[in-house]
Structure formats: C-alpha cells, structure tokens
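Examination of the molecular architecture
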Amino acid sequence: MNQHRYLPMTEEDKKAMLERIGVSSIDELFNDVPESVRFKGEYNIKPAKSESSLMKELARMAEKNADLKKNASFLGAGVYDHYIPVIVDHVLSRSEFYTAYTPYQPEISQGELQAIFEFQTMICELTGMDVANSSMYDGGTALAEAAMLSAGHTKKKKIIISSAVHPEAREVVKTYAKGQRIEVIEVSAQNGVTDLDELKGLVNEEIAAVIVQYPNFFGQIEPLKEIEEVTHAHKSLFVVSSNPLSLGVLTPPGKFSADIVVGDAQPFGIPTAFGGPHCGYFAVTSKLMRKVPGRLVGQTIDDQGRRGFVLTLQAREQHIRRDKATSNICSNQALNALAASVAMTALGKQGVKEMATANLQKAHYAKTAFKANGFKIAFEGPLFNEFVVKVNKPIKEINRQLLQKGFIGGYDLGRNYPELAGHMLICVTELRTREEIDTLVKELGDLHE
C-alpha cells in the first residue's frame, strides 16, 4: 500500500499559484495584518524532520497507547469494543463517501442520500419509532436535543432525568438547559434502576419530559412500561436513550409508547477511537416529525418514475425562520452514519440479534464467574452487557496492574457516584472470549485479596 497520502507542493506550484492570484509572495497575503502585531520570533517547536524519520517517531509514540489489538477491553461506560465487519472500512474509504458533504443537490448526491435514508429506516426498525433523522453528533447531544424538543413542544420548563442516565449525557443536557432556562430535576436510582416511587412524587403537570436510559448506565434494564404510565399520566413526553445493539434482543422503546428515542450508533461499525467521533441517532413518533432537529431524507420518484432520494425536511435555523427553528445544529455525522448502515446491513437482522445475544450471554457468564469467586455484585436485576462489581482496592490502582497483564479494566463508578466508591462497571461484549473472562476474574481475584 502506498504510504504517501499526498504529494508536497513544489516551488513551481507555489509560484504558479501566487501568479494566478496576483501577488508576488506569501508575505504579501498578510499585508492587512499590522507589523506591530506580527510574531517575529521563532516558534517553540522541534526542527522539521525527514518523512521517514517523522514516521518512525510517530510510530514509537503510537506504540505507547494501550490499543484494543493488544489488550482485552472490559471497559464500556458508553463506548464499546465490538466486531466491525471488514466491508465497513472498504465502503467508507471510497472517495464518493469520505469527501461528501451535505447533499444539497440531489441530482449528484443519490448515493449519499440513499445511504442516509437506509440509516433512518434501520434506526426506525430497531427502535420501533415512526421517523428517524439523518444522524446527530453523538448520543449525548442527541439526548440534549430531545430534552429541548420536549420543552419546546410542551411549552413547559422542567425536565426529569434519571441519575442512572450516563453522567456525561446528563451534563450535556444541563448545559443545553441552562441557555433555555429549563430546570433539570434528577430522580435517584434504587437497586440500579430509576426509583419509581420517587418518580411518581416528582412528575406533575409542569414536567415537559421524563428521560431514562435503556439499558441504563449500570447495564440494568429499566421498567419502561411502568415509567411510561407515570410519564404520560401527566401528559409529559417519554424520552428514552438506548444502546441500539441492545435492541436486537430487548423490546424496543417504541413498543412502550416512547415519544423520542435517541442514542449513539457507535456499537455498529464505529471504532472506540478514544471517545469519538461517533454518531447520534434521533427517532420520534410521527406527531413530532416536524420538530426533529437536523434533517430528514425522503424517498420519491422523478419525472420518469424512477426511485430517488431528497432532503425532505430541515427544521434548523439555516433554512427556516430562527423563531421557528427547532435547533441550531448545523451538520450531522453522515460518514459515521454510513459506517453504522454498512455494519447493520452486513450483519443483517439475524446477525444483529445473534450479536446482541452474545453480549447478553457473555455478560451473564462473567457475572456468574465473579459471584462464584466471592465478588459481590451490586445489582441483581436484568442486564445487557454491563454489570457492577465491588472491589476492595482503589480501582485506579487495580486498572494500572490489570493493564500490565494485558487487560483494560472497568469503569470506576466512584468518579460519578460517591455512594458507589469501590465499585467497578465491567463490560463484556461479543469479542471477549471465555478464556479472557476467566483470566480477568482470576487476576481481579488476586488483586482483590
């Protein structure tokens, strides 16, 4: 494979470009910048290296990273190590896709538009919702947009969010809410799931939405039926943040009359990549279709009766009056949405179900193994691919020692939940082998004593 990603500009190229724009030197381009504010010294950076030397230095630096090729990861907490079909990278590498921007001109963007349309369709099938948009930045911002849509639609200024929702997503919601002067009320968790009794006492006619996560941050399965009944009894919107892979085995939120379902498509074809970039999805009932942030791609036919795709609805401030805009979000994650689409297509309905089932079974196997080795499991309810284990030593110290053994340990819940100090959130995906799980349990057992 050719390692030269580009050819450097020659002096002849530079001279031709300067002549074309009518200037004699690069410095002349900066004539409008006063001499007094121009930097005259030398930058505090290393001297330039040859390309071969630079590649070696970068390779040495990269080798310091704890990557997932050499280490078995049991870290989830919102970003997951899953199987990515080889075809995903092949399709993404096609220049028609990785150079594409917003498909404003449908006559030359049919491939991109169709890919987005397929993404929307598959998200609707997974979530059980009527309409999905063409993706958002990530799961956290999608959830915040859902909260703001709820407040705008109901004209109410209070939102209830479960403390079992991802801590970072809750912070994003609060940041959005501050600018809109919306009050965010947190309902606590009991035994790893949203406290229903507390929720019943908090929900009233002033609440715009109730937000829960399914499976929640602890990997537990929330009782959506009971939460939906409490929510809709007061005409609040029911918002569910959901791991889309889990919906291969769990009843989709749409079946529980959710009004908005959001999440991150990262489990499908998108690498962990140090936390991003990822791809948020946003699905709603048909009554909320015109309030959806971002854009929708629709299917139509041209004047010759051939199937075609177009941007159908764009409810953002660039395209409509600002006071009517539902969001100022001005882009999406089309390339990552394409990755998710290709992955879901390659897996197929049966493959998604089998992959989700493997996550479920392996997590239960690991949980049983931990219990058999004397560990206390914090919550005993139904779970997907994560569960909480109590340990006796500082988790930071344990994870440092595990890394030396080739394992990326779980998430320290004490960082966000003081009452769960000394508890580790462990994630087991379909990629983890029985040998890796058994070895982790043994290693943690040795460190636990």
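One can find the structure itself at the top, above this paragraph.
First things first, this report covers the structure right here in the doc. Given the structure is predicted, the values throughout are model-derived calculations rather than measurements.

**Quick notes on a nonpolar patch on the surface**
- Taken together, the side chains of Ile21, Ile26, Leu29, Phe30, Val33 and Val37 present a nonpolar region at the surface, about 540 Å² in accessible area.
- Assessed through its relative accessible area of 54%, Ile21 is described here as exposed.

**A word on unusual backbone geometry**
- Geometrically, the link from Tyr214 to Pro215 is a cis peptide bond, its omega value of -10° lying close to zero.
- The step from Gly276 to Pro277 runs through a cis peptide bond, and the omega angle for that step is 0°.
- With respect to the helices and strands, the residue Pro277 is situated in the loop between strand S9 (260-264) and strand S10 (280-284).
- Located in the positive-phi region is Ala77, a residue other than glycine, with phi close to 55°.
- Along the chain, Ala77 turns up in the loop between strand S1 (72-73) and helix H3 (86-92).
- Its relative accessible area of 11% is what places Ala77 among the buried residues.

**Digging into helix H10 (residues 334-372)**
- With 39 residues, H10 should reach 57 Å at 1.5 Å per residue; the first-to-last C-alpha distance of 45 Å falls well below that figure.
- The largest bend in H10 comes to about 95°, at Gly348.
- Phi turns positive, to about 90°, at Gly374, one or two residues after H10.

**Thoughts on the nonpolar core**
- Among the nonpolar cores identified, the biggest contains 50 residues, and Phe119, Ile160, Leu199, Phe268 and Met344 are the most heavily contacted of them.
- Broken down by secondary-structure element, the contributors of at least two residues to this core are H3, helix H5 (110-127), strand S4 (183-187), strand S7 (207-214), helix H9 (224-232), strand S8 (237-242), S10 and H10.
- No other element matches H10, which puts 11 residues into this core.
- Residues in contact with Ile160, not counting those within four places in the same chain, are Ile185, Val187, Leu199, Leu202, Val203, Ile207, Ala209, Val210 and Ile211.
- If you look at the next biggest cluster of nonpolar residues, it comprises 31 residues, including Val131, Ile159, Val173 and Leu313.

The rules behind each value
Residues numbered from 1 in each chain as written. Predicted model: local features only at pLDDT ≥ 70, side-chain atom pairs only at ≥ 80, totals over all residues. Heavy atoms only, no water. Patch = residues over 30% accessible without salt bridge, like charges linked within 9 Å, V, L, I, M, F, W, Y side chains within 5 Å. Areas by Shrake-Rupley, 256 points an atom, 1.4 Å probe, with all protein chains shown as cover. Salt bridge = Lys/Arg side-chain N within 4 Å of Asp/Glu carboxyl O. Buried < 20%, exposed > 50% of the residue type's maximum accessible area, 1.4 Å probe, protein only. Helix = DSSP H or I, 4+ residues; strand = E, 2+ residues; numbered from the N terminus. Expected span 1.5 Å × (residues − 1). Bend = angle between axes of the 7 residues up to and from the residue. Core = buried A, V, L, I, M, F, W, Y, C linked by side-chain atoms within 4.5 Å. Contact = heavy atoms within 4.5 Å.

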